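Survey of secondary and tertiary structure
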Amino acid sequence: QVQLVESGGGLVQPGGSLRLSCAASGSIFSISDMGWYRKGPGEQRDLVALIISGGRTHYADSVKGRFTISRDNAKNTVYLQMNSLKPEDTAVYYCNADLKTSPLTDITPYWGQGTQVTVSS
């Protein structure tokens with residue numbers, strides 16, 4: 001069994017910062033990509049940022065220069081530092097990890113339960 005547990009969401013004023021964390025635990029053999037997605041009201045779930053096992057990163061255009069994704073492989077944890085937050089960043093943020101639970105299994109995506117980020121004055 002694998003669990004992804006997110007933390008760090010909350011209410012912040014425009015221009016403020018938040019740092020999200022997501023720790024993967026359980027029967028994990030290896031993790032390839034880790035990422036953050038978000039779903040705003042009435043919207044679909046979209047990619048925010050992705051970091052592959054080698055450390056390369058990819059960002060949605062809307063967050064480039066404001067958000068930074070990082071990971072601690074020893075802790076199976078991915079972070080999202082969010083600066084200069086805007087009201088349009090308001091959404092439920094989900095972490096994702098593509099991982100193997102044994103050497104023989106395929107890479108499978110796992111998701112966290114989501115954490116609410118609200119940017120409002």
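My aim in this report is to walk through the structure given alongside it, one point at a time. Treat the numbers as computed from the prediction; the structure is a model and nothing was measured.

A look at the pairing of strand β1 (residues 2–7)
- A one-sided burial pattern is seen for β1, the buried positions being V2, L4 and E6 and the unburied ones Q3, V5 and S7.
- Pairing analysis gives 6 bridges linking β1 to strand β3 (residues 18–26), with the strands arranged antiparallel. If you follow V2 over to β3, its bridge partner there is G26.

Some remarks on unusual backbone geometry
- At N76, a position not held by glycine, the phi torsion is positive, near 50°.
- With respect to the secondary-structure elements, N76 resides in the loop between β7 (67–72) and β8 (77–82).
- The class of N76 is partly exposed, set by a relative accessible area of 25%.
- Positive phi, normally seen in glycine, also occurs at S84, with a value near 50°.
- Looking at the secondary structure, you find S84 in the loop between β8 and β9 (91–100).
- Here S84 falls in the partly exposed class, since its relative accessible area comes to 40%.

Remarks on the side chain of R38
- Mapped onto the secondary structure, R38 falls in strand β4 (residues 30–39).
- Of note is the side chain of R38, whose polar atom sits 3.4 Å from the side chain of S62.
- At a separation of 2.9 Å, a polar atom in the side chain of R38 contacts the side chain of Y93.
- When sequence neighbours within four positions are dropped, the list of residues in contact with R38 reads Q44, R45, D46, V48, S62, V63, F67, E88, D89, A91, V92 and Y93.

Criteria and thresholds
Residues numbered from 1 in each chain as written. Predicted model: local features only at pLDDT ≥ 70, side-chain atom pairs only at ≥ 80, totals over all residues. Heavy atoms only, no water. Buried < 20%, exposed > 50% of the residue type's maximum accessible area, 1.4 Å probe, protein only. Helix = DSSP H or I, 4+ residues; strand = E, 2+ residues; numbered from the N terminus. Pairing = 2+ DSSP bridges. Polar contact = N/O pair within 3.5 Å; in protein donor to acceptor, adjacent residues only side chain to side chain. Contact = heavy atoms within 4.5 Å.

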